[in-house]
Amino acid sequence: KKIASWSKSKIRCYEFLNMTSRSFAAVIQELNDELRDAVCLFYLVLRGLDTIEDDMTIPIEKKVSILRSWEEIIVTDGWNFTENGPNEKDRQLLVEYPVVIEELKNLNKTYKEIIFDIAKQMGNGMADYATNAAHNKFGVNTVKDYDQYCFYVAGLVGLGLSSLFSASGLESPEVGRNTKLSISMGLFLQKANIIRDYLEDLDDNRRFWPKEIWSQYVNDLSDLKDPEHKKQAINCLSRMCLDALQRAPDCLTYLSNIRDQKIFNFCAIPQVMAIATLAILFQNYQVYQKNVKIRKGETLKLIQKATNILNVIDIFRHYTRVIITKNNSRDPNFLKISIACGQIEQSC
Ligand SMILES: CC(C)(C)CN1C(=O)[C@@H](CC(=O)N[C@@H](CC(=O)O)C(=O)O)O[C@H](c2cccc3ccccc23)c2cc(Cl)ccc21
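Enquirer: Explain the pattern of salt bridges to me, please; I cannot follow it from the model alone.
Expert: A side chain with one charge can pair with a side chain of the opposite charge if their charged atoms come near. Inspection of every chain in the model, using the stated rule, returns 23 salt bridges. Linking Lys10 and Asp37 is a salt bridge whose minimum nitrogen-to-oxygen distance equals 2.8 Å. Remark: Asp37 occurs in helix α3 (residues 33-54) and Lys10 occurs in helix α1 (residues 8-20); sequence separation between them is 27 residues. A single burial state applies to Lys10 and to Asp37, both of which are buried. What emerges from the salt-bridge pattern is a single network uniting Lys10, Asp33, Arg36 and Asp37.

Below is the structure:
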């Protein structure tokens, strides 16, 4: 690429992108030039927000005021944040945030407006959640609250990306207009992550599993990891997987509407990782003991295969069959799980 003509701040932005997530950064960098810069900066705007939201060492009032002013912050030359907790993995990004703010200026107006609008909605959504999580120690209460939280942190990302894809002209205006499908793309990824990260989040006192679900099985979210509640824990896990699986048909429909090869790869890879993750999490008691992840070899195979809709359908079919094979007839959600898997097969 024409790195030679890139400014120091632009080079630094891509260095941060490559620092945050290796495999995903590679896929972003394969996008068409002008879309690539917009998605890279969108990713860093979101990463900055996420780093503030995730940092439990920031006093709640300060956190909320930063989150609510994110749209102004990303146009404030020189703004940075050096008070992140020491273990915050993206601390350096916020220390050097002026390079992101500088590079945002070079984006075309349409892309900027999309990114600013999503940043504003997400910042306020995160602030709303942080405020009520502060006084409601259960965290997320109803399944509706759960969907609302996932909308703020991931559904909005889908809306933003779809708008960027359509604005670039590489995808039809329909892609940006179909909000239901774009939101489902984000919710599917986020819900798979939330199920996978049960233990890690509990240790950080982050409680995303909705009380409306876990209270049908145990008295407190933390009871799920006690061996005496093993059967209940596995049935609760099934219920969480069932909830996530409901989004899969929309994701397949969304992907079938994508025309640009690079955009398809960018969108399909996280989706196939998510269905593979749900399959390994389902009926897997290890979820309550450690962070269960798909093996490196499987990840690489999925990345190589997720390049067209027929292969993606084949991958989803494979993992829904894995889930059906693992389904337990004594599980209260046995039938609903098999119906959900059937619906995914149907939408293929
Ligand atoms: C919360 C999240 C799911 C939206 C995070 N999110 C994603 O998960 C990344 C993938 C990622 O970061 N993978 C990490 C592993 C991990 O973190 O679990 C990796 O190292 O490969 O993908 C999403 C993402 C990619 C493509 C299309 C999307 C449509 C709607 C919503 C999100 C979409 C993402 C796109 C952007 Cl622009 C920003 C963030 C994300």
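Enquirer: What should I look at first to understand the confidence of the model for the protein in this one?
Expert: Caution applies to low-pLDDT regions: their predicted coordinates should not be interpreted in detail. Within the protein, residue pLDDT values average 95, and 98% of them lie at 70 or more. Scoring of the predicted complex yields 0.96 for pTM and 0.98 for ipTM.

Enquirer: Hey, could you run me through the site of the ligand in this one?
Expert: The environment of the ligand is formed by 19 residues, the closest being Ser21, Ser23, Gly158, Gln190 and Phe266. For the ligand, an oxygen atom lies 3.0 Å from a polar atom in the side chain of Ser23. For the ligand, the protein covers 80% of the area, taking 760 Å² as the surface of the free molecule. Looking at the shell around the ligand, the elements that each hand over two or more residues are α2 (22-29), α3, α9 (143-167), α11 (179-196) and α16 (261-281).

Enquirer: I keep staring at the environment of Val175 and nothing clicks. Help me out?
Expert: When you line up the elements, Val175 lands in helix α10 (residues 173-177). For the pair formed by Val175 and Leu159, sequence separation is 16 residues and the distance between their alpha carbons is 9.4 Å. Once residues within four sequence positions are removed from consideration, Val175 is found in contact with Ser162, Ser166, Ser182, Tyr254, Asn257 and Ile258.

Enquirer: It is not clear to me how the packing of aromatic side chains should be interpreted in this structure. Could you clarify?
Expert: In this description, a pair of aromatic rings is defined by centroid distance and the angle of the planes. Evaluated as defined, the whole model comprises 17 aromatic pairs. Ring centres of Trp70 and Tyr97 lie 5.5 Å apart, and the angle between their planes is 50 degrees; this geometry places the pair in the tilted category. You can see Trp70 sitting in helix α5 (residues 70-73) and its partner Tyr97 sitting in the loop between α6 (91-95) and α7 (98-104), a full 27 residues away along the chain. Here Tyr97 falls in the buried class, since its relative accessible area comes to 0%. Ring geometry for Tyr129 against Phe208: centres 6.2 Å apart, planes inclined by 35 degrees, an arrangement best described as tilted. One end of the pair, Tyr129, is in helix α8 (residues 109-135); the other, Phe208, is in the loop between α12 (198-203) and α13 (211-214), and 79 residues separate them in sequence. Like Tyr129, the residue Phe208 is buried in the burial classification. Pairwise contacts between aromatic rings join Phe24, Tyr43, Phe165 and Phe266 into one cluster. Above the face of the Trp6 ring, Lys10 is positioned so that its terminal group lies 4.5 Å from the ring centre. The lysine or arginine in question, Arg12, covers the ring of Phe16, its NZ or CZ lying 4.4 Å from the ring centre.

Enquirer: Can you help me understand the environment of Ser166 in this one?
Expert: For Ser166, the position within the fold is in helix α9. For Ser166, a relative accessible area of 17% corresponds to the buried category. Expressed as a C-alpha distance, the spacing of Ser166 and Arg177, which sit 11 residues apart in the sequence, is 8.7 Å. Setting aside residues no more than four positions away along its own chain, Ser166 makes contact with Glu171, Ser172, Pro173, Val175 and Gly176. Among the polar contacts listed, one links the side chain of Ser166 to the backbone nitrogen of Gly176, at a separation of 2.9 Å.

Enquirer: Before we go on, may I ask you to explain the environment of Lys301 in this structure?
Expert: For Lys301, the location among the structural elements is in helix α17 (residues 296-305). The exposure class assigned to Lys301 is exposed, which follows from its relative accessible area of 52%. Remark: the alpha-carbon pair of Lys301 and Leu278, spanning 23 residues in sequence, is separated by 17 Å.

Enquirer: Just to check I follow, could you spell out the packing of α9 against α11 for this structure?
Expert: In a packed pair of helices, the relevant descriptors are the angle between the two axes and the axis-to-axis distance. Interaxial distance between α9 and α11 falls to 7 Å at its minimum, and their mutual angle equals 125 degrees. Our classification of the angle between α9 and α11 gives oblique. The interaxial crossing formed by α9 with α11 has right-handed handedness. On α11, the residues touching Tyr146, Asp147, Tyr149, Cys150, Phe151, Val153, Ala154, Gly155, Gly158, Leu159 and Ser162 of α9 are Thr179, Ser182, Ile183, Gly186, Leu187, Gln190, Lys191 and Ile194.

Enquirer: Would you explain the side chain of Lys191 in this entry?
Expert: By the secondary structure assignment, Lys191 is in helix α11. The buried category is assigned to Lys191, whose relative accessible area is 1%. Among the polar contacts made by the side chain of Lys191, one reaches the side chain of Asp243 at a distance of 2.8 Å. The contacts of Lys191, once residues within four sequence positions are left out, are Tyr146, Asp147, Cys150, Asp243 and Ala244.

Enquirer: Any chance you could explain helix α18 (residues 309-326) here in plain terms?
Expert: Residues spaced three or four apart along an α-helix point in a common direction, a consequence of the helix completing one turn every 3.6 residues. The terminal C-alpha atoms of α18 lie 26 Å apart, and with 18 residues this matches the ideal 26 Å at 1.5 Å per residue to within 8%. Considered for burial, the residues of α18 that qualify are Val312, Ile313, Ile315, Phe316, Tyr319, Thr320 and Ile323. All buried residues of α18 project into a common sector of 160 degrees when viewed along the axis, lining one side. Seen from the open side of α18, the exposed residues pointing more than 90 degrees away from its buried face are Leu310 and Thr325. On its buried face, α18 is in contact with α11, α14 (230-245), α15 (248-256), α16, α17 and α19 (334-347). The N-capping residue of α18, defined by a side-chain oxygen 3.0 Å from the backbone nitrogen of Leu310, is Asn308.

Criteria and cut-off values
Residues numbered from 1 in each chain as written. Predicted model: local features only at pLDDT ≥ 70, side-chain atom pairs only at ≥ 80, totals over all residues. Heavy atoms only, no water. Salt bridge = Lys/Arg side-chain N within 4 Å of Asp/Glu carboxyl O. Helix = DSSP H or I, 4+ residues; strand = E, 2+ residues; numbered from the N terminus. Buried < 20%, exposed > 50% of the residue type's maximum accessible area, 1.4 Å probe, protein only. pLDDT = per-residue confidence, 0-100. Near = heavy atom within 4 Å. Polar contact = N/O pair within 3.5 Å; in protein donor to acceptor, adjacent residues only side chain to side chain. Areas by Shrake-Rupley, 256 points an atom, 1.4 Å probe, with all protein chains shown as cover. Contact = heavy atoms within 4.5 Å. Phe/Tyr/Trp six-rings, centres within 6.5 Å; stacked < 30°, edge-to-face > 60°. Lys NZ or Arg CZ within 6 Å of the ring centre and 35° of its normal. Axes fitted to C-alpha atoms, helices over the stretch in contact; angles between N-to-C directions. Parallel < 35°, antiparallel > 145°, perpendicular 65-115°, else oblique. Left-handed = near helix turned anticlockwise from the far one by under 90°. Expected span 1.5 Å × (residues − 1). Arc of directions from axis to C-beta.

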